[in-house]
Amino acid sequence: MKKVGHGGTLDPLATGVLPIAVGRATRLLQFLPTQKEYYAQVRFGMQTTTDDLEGEIIRDNPVPNLTLEEITPLLKDFLGQIKQIPPAYSAIQQDGKRLYDLARAGIAVDVPERTVEIHEIEVINWYPGEYPELTLRIACGSGTYIRAIARDIGEKLKIGGTLASLQRTLSCNLCIENSLTFAEIETQIQNQTFTPIPPDTCLNHLLPISLAPDLAQRWRQGQKIPLSLEDSLTSPENVRVYQTEPDFLGIGELIPTETGELLIPKTVIQPSN
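Residues numbered from 1 in each chain as written. Predicted model: local features only at pLDDT ≥ 70, side-chain atom pairs only at ≥ 80, totals over all residues. Heavy atoms only, no water.

A. View of the sheet that holds strand β17 (residues 248–257). Spatially, β14-β16-β17-β18-β15 is the arrangement adopted by the 5 strands of the open sheet, whose pairing is mixed. Looking at the sheet topology across the chains shown, the edges are occupied by β14 (207–210) and β15 (225–227). Pairs of neighbouring strands in the sheet enclose a mean axial angle of 40 degrees, with direction left out of account. (Pairing = 2+ DSSP bridges. Helix = DSSP H or I, 4+ residues; strand = E, 2+ residues; numbered from the N terminus. Axes fitted to C-alpha atoms, helices over the stretch in contact; angles between N-to-C directions.)

Structure, rendered in structure tokens:
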């Protein structure tokens, strides 16, 4: 396979869903939905250089008396659009260099603040002890650093916090229950039973447009197709384009005009014959 791409990296210690596209489907990665969901284990009484257990401990303060009741009211501060400073050890680029490369070289940098969106935070489990741990389910938008949330909850409590473990359970409309491990993929390939999921599986957040065979052929050749939809558009919108479902052709853009809509090819997965 000449082309392979993925729908979002995972931290070195994280596990879970990693959407992988092969062949022409790599061209669809830019259109995937951005919402993700994680199960995060936060450890209190400790802070590290990387905001997870991979880094050096810079704060060690056992808190055996910490209770869940002290933490729960703080979680609402992390809902909605929030300002977040990503970890110093992250893949964000500054002046053309990755922050983790600068941090490993001992170069201090001011990590730029960013706005991220948290849709849900749910308490799953609480484990008291010298270094108590809290399991959270977090649904969020792209660019969110769960390590930063763990760190910032600890900061609000003034006791330190770090990420003990992280599992991504949802990414790009793909859930962990329907995912394969690399070992399972290897076995299926050896047994010649591996079948990639259809490329439009992750795109059901986009409106489907079905074209008659003659219009579909013209669209696949790069032509703009005039349409008249029941519900008129007020702004351009990306759509899934089919000849007849499930014959997925690619991604188009609907442009509102004075007489209706214009369907423009953006990414054609099935070129014309």
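B. Fine view of the environment of A139. In this fold, A139 is placed in strand β11 (residues 133–140). Overall, the relative accessible area of 0% leaves A139 in the buried class. Separated by 88 residues in the primary sequence, A139 and L227 place their C-alpha atoms 37 Å from one another. (Buried < 20%, exposed > 50% of the residue type's maximum accessible area, 1.4 Å probe, protein only.)

C. Just the nonpolar core, in detail. By size, the foremost hydrophobic cluster in this structure holds 28 residues, and its most contacted members are F44, I138, I146 and I153. Contributions of two or more residues to this core are made by β4 (36–44), α1 (68–71), β10 (114–127), β11, α3 (146–157) and β12 (161–171). In contact with I146, not counting residues within four places along its chain, are Y38, A40, I138, C140, L163 and L166. (Core = buried A, V, L, I, M, F, W, Y, C linked by side-chain atoms within 4.5 Å. Contact = heavy atoms within 4.5 Å.)

D. How the structure looks around a nonpolar patch on the surface. On the surface, M1, V4, L18, I20, V22 and F182 cluster together to form a nonpolar patch covering roughly 610 Å² of accessible area. By the secondary structure assignment, M1 is in the segment before β1 (4–6). (Patch = residues over 30% accessible without salt bridge, like charges linked within 9 Å, V, L, I, M, F, W, Y side chains within 5 Å. Areas by Shrake-Rupley, 256 points an atom, 1.4 Å probe, with all protein chains shown as cover. Salt bridge = Lys/Arg side-chain N within 4 Å of Asp/Glu carboxyl O.)

E. A look at the packing of aromatic side chains. Applying the stated criterion across every chain yields a total of 2 aromatic pairs. Centroid distance F44 to W126: 6.5 Å. Interplanar angle 45 degrees. Geometry classified as tilted. Of this pair, F44 sits in strand β4 while W126 sits in strand β10, and the two are 82 residues apart along the sequence. Residue classification places F44 among the buried residues on the basis of a relative accessible area of 0%. (Phe/Tyr/Trp six-rings, centres within 6.5 Å; stacked < 30°, edge-to-face > 60°.)

F. Broad picture of unusual backbone geometry. The backbone of D51 sits at a positive phi, close to 65 degrees, despite the residue not being glycine. Structurally, D51 can be placed in the loop between β5 (46–48) and β6 (57–60). Positive phi values are uncommon outside glycine, yet N173 reaches one of about 70 degrees. Relative to the helices and strands, N173 is located in the loop between β12 and β13 (174–175). For N173, a relative accessible area of 37% translates into the label partly exposed.

G. Expanded view of the pairing of β10. As defined by bridge partners, strand β7 (residues 80–84) adjoins β10 across 5 bridges and the pair is classed as antiparallel. Paired with K83 across the strands is T115, a residue of β10. In the sheet, β10 pairs with β11 via 8 bridges, with the strands oriented antiparallel. What sits directly across from Y127, in β11, is E133. Counting the residues between successive antiparallel strands, the hairpin from β10 to β11 contains 5 residues, one of them, G129, with a positive phi of roughly 155 degrees.

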